[in-house]
Amino acid sequence: MPASRKSGKVFYMLRPSREGLPPFSDIRLPDGTIIRRVDETIHKRALSNAAKAMKERLDR
């Protein structure tokens, strides 16, 4: 992996769900920073799935 990708920062911004838009889009700044705009509904679903998986592991 190139050093610039390793050292870059990624910031996430939630945006409202809209019909027809991709689940996320990236904005790359000249200094290597990436701003990822994430669909709020998909973000919440991913958090819910992660919480379920963690709970299942802890219950074992």
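Each chain carries its own residue numbering, running from 1 in the direction its sequence is written. Owing to the predicted nature of the model, reporting of local features is limited to residues with pLDDT of at least 70; listing and counting of side-chain atom pairs is limited to 80 or more, with chain, interface and lining totals taken over all residues. With hydrogens and water excluded, all non-hydrogen atoms of the structure serve as input to the side-chain values.

### Side note on the overall build of the chain
Inference 1: Runs of H or I in DSSP of at least four residues are treated as helices and runs of E of at least two as strands, each being numbered from the N terminus. When helices and strands are tallied, the chain shows 2 helices and 3 strands.
Inference 2: When the helices and strands of the chain are placed in sequence order, the string is α-β-β-β-α.
Inference 3: Exposure classes here rest on a 1.4 Å probe applied to the protein chains alone. A residue is buried below 20% of its type maximum, exposed above 50%, and partly exposed in between. Buried residues in the chain amount to 10% of all 60 residues.
Inference 4: Any two residues having at least one pair of non-hydrogen atoms within 4.5 Å are treated as being in contact. Pairs at least 24 apart in sequence give 33% of the contacts found in the chain among residues at least 6 apart.

### Looking at the side chain of D39
Inference 1: Secondary-structure assignment places D39 in strand 3 (residues 34-39).
Inference 2: For the buried residue D39, which engages in no salt bridge, the nearest side chain bearing the opposite charge is R15, 4.2 Å off.
Inference 3: A distance of 2.9 Å separates the side chain of D39 from the backbone nitrogen of T41, its partner in a polar contact.
Inference 4: Discounting chain neighbours no more than four positions away, the residues touching D39 are R15, S17, R18 and P23. Positive charges come from Lys and Arg, negative ones from Asp and Glu, while His and the chain ends are left out of the count. Should a side-chain nitrogen of Lys or Arg be within 4 Å of a carboxyl oxygen of Asp or Glu, the pair is scored as a salt bridge. The definition of a polar contact used here is a pair of N or O atoms within 3.5 Å, where within protein one atom must be able to donate a hydrogen and the other to accept one, and adjacent residues in sequence count solely through side-chain atom pairs.

### Here's the deal with the sheet that holds strand 2 (residues 24-28)
Inference 1: Taken together, 3 strands build an open sheet; the order of strands is 1-3-2 and the sheet is mixed. The sheet terminates laterally at strand 1 (10-15) and strand 2, the two strands that pair on one side only. The mean angle between the axes of side-by-side strands here comes to 20°, regardless of whether they run parallel or antiparallel.
Inference 2: Lines are fitted to the C-alpha atoms to define the axes, a helix being fitted only along its stretch in contact, and any angle between axes, read from their N-to-C directions, falls within 0 to 180 degrees. Contacts from helix 2 (residues 40-59) reach strand 1 and strand 3 within the one sheet, and its direction differs from that of strand 3 by about 85°. At least two bridges found by DSSP between two strands is the condition for calling them paired.

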